[in-house]
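# Coordinate inspection notes
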Amino acid sequence: KAGVTQTPRYLIKTRGQQVTLSCSPISGHRSVSWYQQTPGQGLQFLFEYFSETQRNKGNFPGRFSGRQFSNSRSEMNVSTLELGDSALYLCASSWAGGLVEQFFGPGTRLTVL
Amino acid sequence: AQTVTQSQPEMSVQEAETVTLSCTYDTSESDYYLFWYKQPPSRQMILVIRQEAYKQQNATENRFSVNFQKAAKSFSLKISDSQLGDAAMYFCAYRSARGNDKVIFGPGTSLSVIP
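The shown structure was predicted, so the numbers you read here are calculated from the model rather than taken from an experiment. (Residues numbered from 1 in each chain as written. Chains lettered and ligands numbered in written order. Predicted model: local features only at pLDDT ≥ 70, side-chain atom pairs only at ≥ 80, totals over all residues. Heavy atoms only, no water.)

## Considerations on the overall build of chain A
If you tally the helices and strands in chain A, you get zero helices and 11 strands. Listing every helix and strand of chain A by position from the N terminus yields β-β-β-β-β-β-β-β-β-β-β. Oriented by its inertia axes, the alpha-carbon framework of chain A measures out at about 35 × 25 × 25 Å. Expressed as a percentage of the 113 residues in chain A, the buried residues total 53%. Intrachain contacts of chain A at a sequence separation of at least 6 include 54% that bridge at least 24 residues. Positive and negative side-chain charges in chain A, numbering 11 and 6 respectively, have mean positions lying 3 Å apart. (Helix = DSSP H or I, 4+ residues; strand = E, 2+ residues; numbered from the N terminus. Buried < 20%, exposed > 50% of the residue type's maximum accessible area, 1.4 Å probe, protein only. Contact = heavy atoms within 4.5 Å. Lys, Arg positive; Asp, Glu negative; His and termini not counted. Charge placed at Lys NZ, Arg CZ, Asp CG, Glu CD.)

Following this line, the structure appears as C-alpha cells:
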C-alpha cells in the first residue's frame, strides 16, 4: 500500500508570492491534517479535512487555506508569503479520528526569501 | 485549551541502555488518547505507541512502553535496550475523544544514542 505522498518536496518562493502544496493520502483514508513544523514553534496544527469538509482549524491567519477533493487528496494554499512561513509542512492521513493512527508524509520544505 | 509539555529538549542514552522521555499534558477532559511519535532525521514521522485514557494498563510495543499516570497527567515513554536506530525526535501528542478533535503535539525531545 502506498504511503502518504506530498508534492513538491522542496519549494523556494519570495515574499508576497503564493504557494500551493499537495497531499495524497493513503488509499481509503478520509481524513487529512496539515501541520507546520519549525525549529522554534515545533509542530503546529493548521487544519484537518474529512470527506471534503474542514473539520478542525488551528490558529493561523486567513492566508493559510486548504481544501480536499472527492478522492481525499488535499491541497494547502498560502497567499502573500512572509519570511516566517518558511517551514516544513507535513500532511498526515487517517481513515478516521480518535485513537486511529495518523500516517505522515515526508513533508514539503518551503523556503521564503 | 489542552497543552502538551515535554520538559527535556534533548536526551542521550548509551546503546543497550534504557531511557525515559517525559511528557505532561493539561486537560479538563476525562476521555482522550495519547500518542508518542518518532521523527528520525530527514525521515517520516511514525507512530511509536498509543494509549487510551480509560485504560489503566500501560501500553507496550516491543522495546517501547509507557507509564501513564492519569491523575498526574503524565505520559512518559520508556525505551529499553536502546538501539542506534532509536535516535530521533520524539513527540508526545494528545487527542480528545470528543468528536474527532485535533491532535496536539508537544515540542519534542531529541534523543541521541551513543554507541
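Moving on from the model shown.
## Let's talk about the overall build of chain B
If you tally the helices and strands in chain B, you get zero helices and 12 strands. In sequence order, the secondary structure elements of chain B are arranged as β-β-β-β-β-β-β-β-β-β-β-β. Its C-alpha atoms give chain B a radius of gyration of 14 Å, within 12% of the compact-globule value 13 Å for 115 residues. Reported as C-alpha extents along the three principal axes, the dimensions of chain B are approximately 45 × 30 × 20 Å. Evaluated residue by residue, chain B yields a buried proportion of 50% over its 115 residues. Considering only intrachain contacts with a sequence separation of at least 6, the fraction spanning at least 24 residues in chain B is 55%. Just so you have it, chain B exposes about 5700 Å², and 44% of that area is on carbon and sulfur atoms. Side chains of chain B carry 11 positive and 11 negative charges; the gap between the two charge centres is 6 Å. (Rg over C-alpha atoms; globule rule 2.2 N^0.38 Å. Areas by Shrake-Rupley, 256 points an atom, 1.4 Å probe, with all protein chains shown as cover.)

## Regarding the interface of chain A and chain B
How big an interface is tends to be stated in terms of the accessible area lost upon association of its parts. Counting residues at the interface gives 22 residues for chain A and 17 residues for chain B. Linking chain A with chain B are one salt bridge. The interface formed by chain A and chain B includes three residue pairs in polar contact (both at pLDDT 80 or more). Mapped by element, the contributors of at least two residues to the side of chain A that touches chain B are strand S4 (31–38), strand S5 (42–50), strand S6 (53–57) and strand S9 (87–94) of chain A. Grouping the constituent residues of the side of chain A that touches chain B by class yields 11 nonpolar, seven polar and four charged. (Salt bridge = Lys/Arg side-chain N within 4 Å of Asp/Glu carboxyl O. Polar contact = N/O pair within 3.5 Å; in protein donor to acceptor, adjacent residues only side chain to side chain. Nonpolar A, V, L, I, M, F, W, Y, C, P; charged D, E, K, R; others polar.)

## Overview of the state of the cysteines
If you walk through the whole model with that rule in mind, you get two disulfides over all chains. Covalently, Cys23(A) is tied to Cys91(A) through a disulfide, its sulfur atoms 1.7 Å apart. Taking the torsion about the S-S bond as the criterion, the Cys23(A) to Cys91(A) disulfide, at about -45°, is left-handed. Here Cys91(A) lies in strand S9 and Cys23(A) lies in strand S3 (residues 19–24), a separation of 68 residues in the sequence. Taking the relative accessible area as the measure of exposure, Cys23(A) reaches 0% and is therefore buried. We classify Cys91(A) as buried; its relative accessible area is 0%. Here Cys23(B) is linked by a disulfide to Cys92(B), with a sulfur-sulfur distance of 2.0 Å. (Disulfide = S-S within 2.5 Å.)

## Quick word on the environment of Val113(B)
Residues and elements named next belong to chain B. Structurally, the position occupied by Val 113 is in strand S12 (residues 109–114). When the C-alpha atoms of Val 113 and Ala 93 are compared, they prove to be 22 Å apart, with 20 residues separating the residues in sequence. Sequence-distant contacts of Val 113, that is, excluding residues within four places in its chain, are made with Val 13, Glu 15, Gln 83, Leu 84, Asp 86 and Ala 87.

## Some thoughts on the sheet that holds strand S1 (residues 5–7) of chain A
All names here are of chain A. Taking strand neighbours across the sheet as the criterion, the four strands line up as S1-S3-S8-S7 in an open arrangement whose pairing is antiparallel. In this open sheet, the two edge strands, each paired with only one partner strand, are S1 and strand S7 (64–68). Each neighbouring strand pair of the sheet contributes to a mean axis angle of 20°, computed without reference to strand direction. In terms of strand pairing, S3 meets strand S8 (residues 74–78) through five bridges, oriented antiparallel. The residue bridging Leu 21 from the neighbouring strand is Met 76, located in S8. (Pairing = 2+ DSSP bridges. Axes fitted to C-alpha atoms, helices over the stretch in contact; angles between N-to-C directions.)

Read these as geometric descriptors, not functional statements.
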